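Tertiary structure, described
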Amino acid sequence: MAQLNTNFINHIKKELPAHLSLEEFIAYCDKPLRKSIRVNTLKINTAQFVDIMTNAGWKLSPVPWCADGFWIEGKDDIQLGNAIEHIQGLFYIQEASSMLPPTALFSNGTAAEIVLDVASAPGSKTTQIAALMNNSGLLVANEYSASRVKVLHANVLRMGASHTALTHFDGRVFGEYLYESFDAILLDAPCGGEGTVRKDPLALKHWDIDDVTAIGETQKDLIESAFLALKPGGVLVYSTCTLSQLENQHICYHLQQTYPDAVEFVSLAALFDGADKACTEDGFLHVWPQIYDSEGFFVAKIRKTASVERVKKQPKSQRNFPFSPANEKQKAELTQYFQNNFCLELPSDDVIMLRDDEYWLFPVQFIPFIGKMRFQRIGIKLADAMKKGYKAKHEAVIALSAAAHNPAKTMELSASQAQDFLMGRDIATSTFDQPTQQELAIMPQGEMLVSYHNVVLGVVKHLGHRLKNNLPRELVRDNVNLSL
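This report concerns the structure included in the present document. (Residues numbered from 1 in each chain as written. Predicted model: local features only at pLDDT ≥ 70, side-chain atom pairs only at ≥ 80, totals over all residues. Heavy atoms only, no water.)

Overview of the overall build of the protein
When helices and strands are tallied, the protein shows 15 helices and 23 strands. A compact globule built from 484 residues would reach a C-alpha radius of gyration of about 23 Å, and the protein, at 24 Å, matches this within 12%. In terms of overall dimensions, the protein has a C-alpha envelope of 75 × 55 × 35 Å along the principal axes. Taken over 484 residues, the protein has a buried fraction of 56%. In the protein, the share of contacts with a sequence separation of at least 24, taken over all contacts with a separation of at least 6, comes to 73%. For the protein, the accessible area works out to roughly 20,900 Å², and carbon and sulfur atoms hold 49% of it. Looking at the protein, you have 46 positive and 55 negative side-chain charges, and the mean spots of the two groups are 7 Å apart. (Helix = DSSP H or I, 4+ residues; strand = E, 2+ residues; numbered from the N terminus. Rg over C-alpha atoms; globule rule 2.2 N^0.38 Å. Buried < 20%, exposed > 50% of the residue type's maximum accessible area, 1.4 Å probe, protein only. Contact = heavy atoms within 4.5 Å. Areas by Shrake-Rupley, 256 points an atom, 1.4 Å probe, with all protein chains shown as cover. Lys, Arg positive; Asp, Glu negative; His and termini not counted. Charge placed at Lys NZ, Arg CZ, Asp CG, Glu CD.)

What follows is the structure, given as structure tokens:
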């Protein structure tokens, strides 16, 4: 049962819109959240996913503001995080309300080639943005917490998001380091979390107005910095999972007062059918739990109509960038290796970079950012150079095959075989049906891909009698559930 202290109730009672009742708000705070997921369109078509999982007994109801989002019922015996389809990145477990900010960012035909996600971990909105960008352009994903950067990176790789660059900074530095560099920015700001009480009954037990005021000052700094990093004509989405206007509307008003000639609020009243139920007079979405039976959330879309004065000068360039462009011979050899072994094409628009004996694939849009700040991770690691040839990296075949893979070098697995593969086990060729065994018998031995639902799971080495598992040790799972 949610524990709402008296101070919070007295505060929120003043802020609740007239058409909503306090009693209903309190009742919804005690209701458990509906489970929701988002289909990862970088790997699978939404209609195909729905068909597969419906046949598996899942009941999926569409989330009105996200074409790829669904509330899920049934299959209560399946732990979603251990489902094969989750492990292979076909869907992300994501609260429905948190799908709103990326949807708002790209609404009304927003064109954005270079995007910043200021507070990214664990990666739900980052990977949603990557899908909306269809793995094109450049997505800079920042996370202040060192421990959460690792989780962010793992989710980016699992979902096959290849055009990302990860950073680890206080979000207040971007206006200084990357002044007017981005077409679009998402600032899902750290907040008091008042809207999360349905999944954390103790979230508001120790609520205090002084804490709300204090975090509001940080939010003001963050939104100012994000606005400075935004190009003129670009859009900024500011969002929180909290309810108080002190952390929501007031932060947007602060930005408007700071840059009165450059801030335009973009109405979200038509973002989806029924958005007007949560829309404020300024066009912000203030989602109370009872409106859509979801978490509480706030979303504002802001357009930068003019350039604003830079607060600080451009910092000195970062030295000792450890990567250098691969030469033409190296690029040709690496391209041929991926083609011959996996029938995978390296994108012609991206840049192959070399660090020691490691080959990486960078988005071409990243090149102007070299030296401007330190990046934790850029693009995807393609392969290691060996004494004889190359050794492809798991993340590379996952990302490259998301665009397209050739069945000539890919073997489709059954559900039980996919389960074994994700648990680190080799696959005996005798476990395939007779026609497939015959097909394997005439195929050249060596590296090849395995897939499930026609989505690549990873690399194996065909040894004749078995397919040797090459799944990285850190990705091996102890428990994998069959959904079918």
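Next comes the rest of the description.
Quick look at the sheet that holds strand β15 (residues 358–362)
The sheet built from five strands is open, its strands ordered β13-β14-β15-β17-β18 with antiparallel pairing. What marks the edges here is a single partner per strand, and that holds for β13 (324–325) and β18 (390–392). Pairing geometry for strand β17 (residues 380–385) and β18, over three bridges, is antiparallel. If you follow Ala385 over to β18, its bridge partner there is Tyr390. The sheet strands contacting helix α12 (residues 328–342) are β14 (351–355), β15, β17 and β18, and the helix crosses β18 at an angle near 55°. (Pairing = 2+ DSSP bridges. Axes fitted to C-alpha atoms, helices over the stretch in contact; angles between N-to-C directions.)

Concerning unusual backbone geometry
Omega for the bond connecting Ala121 with Pro122 falls within 30 degrees of zero, at 5°, which places this linkage in the cis form. In this structure, Pro122 sits in the loop between β5 (114–117) and α6 (124–132). Notably, Asn134 is not glycine yet its phi reads approximately 55°, a positive angle. Relative to the elements of secondary structure, Asn134 occurs in the loop between α6 and β6 (138–142). Look at Asn134 and you get exposed, because its relative accessible area is 56%. The phi torsion at Cys343 lies on the positive side, around 55°, for a residue other than glycine.

Here's the deal with the packing of helix α1 (residues 6–15) against helix α2 (residues 22–29)
At their nearest, the axes of α1 and α2 sit 11 Å apart, and the two run at 130° to each other. When the axis of α1 is compared with that of α2, the two are oblique. When you trace α1 past α2, the crossing you get is right-handed. Listed contacts from α2 to Phe8, Ile9, Ile12 and Lys13 of α1 are Leu22, Phe25 and Ile26. (Parallel < 35°, antiparallel > 145°, perpendicular 65-115°, else oblique. Left-handed = near helix turned anticlockwise from the far one by under 90°.)

Describing the sheet that holds strand β1 (residues 36–39)
To summarise the sheet geometry, strands pair through backbone hydrogen bonds and adopt either a parallel or an antiparallel arrangement. Spatially, β2-β3-β1-β4 is the arrangement adopted by the four strands of the open sheet, whose pairing is antiparallel. Two strands bound the open sheet, and with one partner strand each, they are β2 (59–62) and β4 (91–93). Between one strand axis and the next, the sheet turns by 35° as a mean value, whatever way the strands run. In the sheet, β1 pairs with β4 via three bridges, with the strands oriented antiparallel. By the bridge assignment for β4, Val39 is matched with Phe91.

Quick word on the packing of helix α9 (residues 209–229) against helix α10 (residues 249–258)
Across the interface, α9 lies against α10 with an axial gap of 9 Å and an inter-helix angle of 50°. One element, α9, and the other, α10, form an angle in the oblique class. In this structure, the crossing between α9 and α10 has a hand that is right-handed. In contact with Gly216, Gln219, Lys220, Ile223, Glu224 and Phe227 of α9, α10 contributes Ile251, His254, Leu255 and Thr258. Counted by class, the contact of α9 with α10 contains four nonpolar, four polar and two charged residues. (Nonpolar A, V, L, I, M, F, W, Y, C, P; charged D, E, K, R; others polar.)

Observations regarding the packing of aromatic side chains
Applying the stated criterion across every chain, the model contains 29 aromatic pairs. Taken together, a centroid distance of 6.1 Å and an interplanar angle of 50° make the contact between Phe338 and Phe342 tilted. Here Phe338 pairs with Phe342, and both are found in helix α12, just four residues apart, close to one helical turn. Here a set of aromatic residues connected by ring pairs shows up, and it is made of Phe182, Phe321, Phe323, Trp360, Phe362, Phe366, Phe369 and Phe375. Across the ring face of Phe227, the terminal group of Lys304 is positioned such that the distance to the ring centre comes to 5.1 Å. The positively charged end of Lys372 is found above the aromatic ring belonging to Phe369, 5.8 Å away from the centroid. (Phe/Tyr/Trp six-rings, centres within 6.5 Å; stacked < 30°, edge-to-face > 60°. Lys NZ or Arg CZ within 6 Å of the ring centre and 35° of its normal.)

Brief notes about α6
Burial analysis of α6 places eight of its nine residues in the buried class, the great majority of the element. Those residues of α6 lying buried are Ser124, Lys125, Thr126, Thr127, Gln128, Ile129, Ala130 and Ala131. Two residues or fewer past α6, Asn134 is found with a positive phi of approximately 55°.

Concerning α10
Helical periodicity: at 3.6 residues per turn, an α-helix aligns residues three or four positions apart in one direction. Among the residues making up α10, those that are buried are Gln249, Ile251, Cys252, His254 and Leu255. The inward-facing, buried residues of α10 abut α9, β9 (230–240), β10 (263–266), β11 (285–287) and β12 (297–304).

Brief notes about the pattern of salt bridges
Within the structure shown, the criterion is met by 21 salt bridges. Between Glu395 and Arg377 there is a salt bridge, and its shortest N-O distance comes to 2.4 Å. Taken together, the positions of Glu395 in helix α13 (residues 394–403) and Arg377 in strand β16 (residues 377–378) put the pair 18 residues apart, joining distant regions of the chain. With relative accessibility at 13%, the residue Glu395 sits in the buried group. For the salt bridge of Lys381 with Asp384, the shortest nitrogen-to-oxygen distance reads 3.3 Å. Connected through salt bridges with shared partners, the residues Arg355, Glu358, Lys381, Asp384 and Lys393 form a single ionic network. (Salt bridge = Lys/Arg side-chain N within 4 Å of Asp/Glu carboxyl O.)

Structural measurements only, silent on function.
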